[in-house]
Structure formats: C-alpha cells, structure tokens
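Read off the chains here:
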Amino acid sequence: MKDLKTAILIFAHSAEYEATVKPFLHSKSVFESLNKRTLQLVQKSKLPYYIVTEKEQKGSNFGERFTNAIQSIYDLNYDSVIAIGNDTPHLTANHIRDAYSKLATNALVLGSSVDGGFYLLGIKKEHFNPSLFLKLPWQKQSLSSALSKYFKVNAIKVSYLEKLRDLDSDDDVKKLFESFRTLYNTLSKLILLLLGSVKTILFTVDVSSLYLFESNYLNKGSPYSIL
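Rules behind the numbers
- Residues numbered from 1 in each chain as written.
- Predicted model: local features only at pLDDT ≥ 70, side-chain atom pairs only at ≥ 80, totals over all residues.
- Heavy atoms only, no water.
- Helix = DSSP H or I, 4+ residues; strand = E, 2+ residues; numbered from the N terminus.
- Expected span 1.5 Å × (residues − 1).
- Axes fitted to C-alpha atoms, helices over the stretch in contact; angles between N-to-C directions.
- Parallel < 35°, antiparallel > 145°, perpendicular 65-115°, else oblique.
- Left-handed = near helix turned anticlockwise from the far one by under 90°.
- Contact = heavy atoms within 4.5 Å.
- Buried < 20%, exposed > 50% of the residue type's maximum accessible area, 1.4 Å probe, protein only.
- Pairing = 2+ DSSP bridges.

Peer 1: What is the right way to read helix α2 (residues 27-45) from this model?
Peer 2: The periodicity of an α-helix, 3.6 residues per turn, causes residues three or four places apart in sequence to face the same way. Taking 1.5 Å per residue, 19 residues should reach 27 Å; α2 reaches 27 Å between its end C-alpha atoms and fits that length. One or two steps after α2, the chain reaches Lys46, where phi turns positive at roughly 70°.

Peer 1: Got a minute to help me understand the packing of α2 against helix α4 (residues 93-102) in this structure?
Peer 2: Two packed helices can be described by the angle between their axes and the distance between those axes. Running from N to C, α2 and α4 point in directions that differ by 45°, and their axes come no closer than 9 Å. It follows from the interaxial angle that α2 and α4 lie oblique. You can see that α2 and α4 cross each other, and the crossing is right-handed. Side by side, α2 and α4 meet where Leu41, Val42, Lys44 and Ser45 of the first sit next to Ala93, Ile96 and Arg97 of the second.

Peer 1: Before we go on, may I ask you to explain the pairing of strand β5 (residues 118-124) in this structure?
Peer 2: Consecutive side chains along a regular strand alternate between the two faces of the sheet. Where burial is concerned, most of β5 is hidden: seven out of the seven residues are buried. Across five bridges, strand β3 (residues 80-84) lies against β5 in antiparallel orientation. Looking at the pairing, Ala83 lines up with Leu121 of β5. Where strand β4 (residues 108-112) and β5 come together, five bridges link them in antiparallel fashion. Looking across to β5, one finds that Leu110 is bridged to Leu121. Adjacent in sequence and paired antiparallel, β4 and β5 are bridged by five residues, among which Gly116 carries a positive phi angle near 105°.

Laid out in structure tokens, this is it:
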C-alpha cells in the first residue's frame with residue numbers, strides 16, 4: 001500500500017516523558033514497548049510517516065500542539081494525514097489500512113476512544129480547519145462527538161472505525177490485562193508485572209486511597225501524548 005500523498009503522523013511522547021505524566025508502576029517500560037509496537041504497525045502500512053514527540057511539538061496547549069503537528073505534515077505537500085498515538089494497545093495495522101481506504105471516499109475518518117476522545121484521526125487537507133481544531137473541547141469527553149457534529153452539520157462525510165480503549169488510568173490497565181493474550185507479547189508481560197504489583201499494594205492499603213494515575217492526565221485527545 002503506497003501513496004505519497006498520504007502520511008501517518010505518530011503524535012506521541014517519548015517513553016521517558018510519558019513516565020512523568022502517567023506515573024504508574026513500570027510506566028516507562030510499558031511505553032517503550034508501546035512506542036516500539038506503534039512504529040512496527042506504521043511500517044507495515046508502507047505509508048510515509050513522521051514522529052512528533054515533545055521535542056518537536058509547538059504550542060502552549062494540547063489543541064495548539066496537535067493542530068500544528070497536522071499542519072506541519074500538510075506543509076510537506078501531503079493531501080491527507082492519518083494521526084495516531086502510542087497509548088492504544090489494541091490498535092492494529094488493519095485499523096491504519098482501513099483508515100487509509102476510507103479516506104478515498106470520506107473527508108474524515110475517526111477512531112473514537114471509549115473515554116470520548118479519539119485514537120486515530122484521518123483527515124484530508126481540504127477539510128482541515130486549524131481555527132476549528134483550536135476551538136475543539138480537547139481533553140474532554142465531548143471531543144469526538146463535537147468533531148463529528150461539526151462535519152455532519154456541514155454535510156461532510158465522516159467514516160468511523162471501531163471504538164478502542166486508551167491506556168490512561170488504572171482501570172484501563174486492568175481491562176487491558178483481561179485481554180492480554182491478544183496483545184504484543186512483551187507488553188503483556190509488563191502489564192502482568194504491573195498488576196502483580198498493584199495486587200500486592202491492595203493487601204496493605206485501603207483501596208479507596210489507592211491511585212496510580214493523576215486524573216488530570218486522562219486522555220481526551222488523539223492521542224494523549226502531550227499535555
């Protein structure tokens with residue numbers, strides 16, 4: 001699958017930075033594995049790709065950084081962009097291929113997250129509106145629906161992928177573990193190690209006082225790899 005007019009944007013923090021904003025046990029190792037797996041999936045698509053980490057991101061907030069990252073790909077003379085992150089373990093190469101195919105007949109392809117954000121966004125340059133993107137409710141549960149509503153109101157075709165869960169909270173980690181047999185092998189072992197540590201802690205502290213994530217870092221964007 002080759003198309004020099006479509007590029008993939010991997011919009012993600014480095015594992016080191018992720019460990020500072022999502023400080024759960026073994027988070028650095030988990031995100032190292034996720035970053036490696038994400039890159040492998042993208043390479044399978046045979047599409048050109050660009051990685052934008054915290055070092056390249058520009059802007060004072062999530063919306064500005066994500067919008068600027070997409071614009072930077074269009075500035076390289078691409079006609080469409082497929083943006084993904086590194087925190088959706090169930091993302092597969094087929095999701096990327098499906099998004100690429102759907103962009104042929106749709107202005108927008110959206111892979112919504114369970115939390116109300118999105119894990120994949122495919123959009124054509126002619127329908128990319130920076131002013132609109134800056135006004136979207138980033139990091140809120142209404143993000144995906146707000147974007148969909150705008151395109152539908154303007155009679156612009158939107159196609160959807162299945163909903164997936166991002167890895168942002170301890171609850172996400174537990175649900176991820178329930179289906180770990182289908183995941184990348186190295187990541188599965190790390191998740192098992194993480195939950196083993198959680199189980200040990202639960203025997204010594206009150207469950208109501210245990211939290212592994214700061215609630216301010218929940219993912220409401222695509223992907224939650226920047227603040």
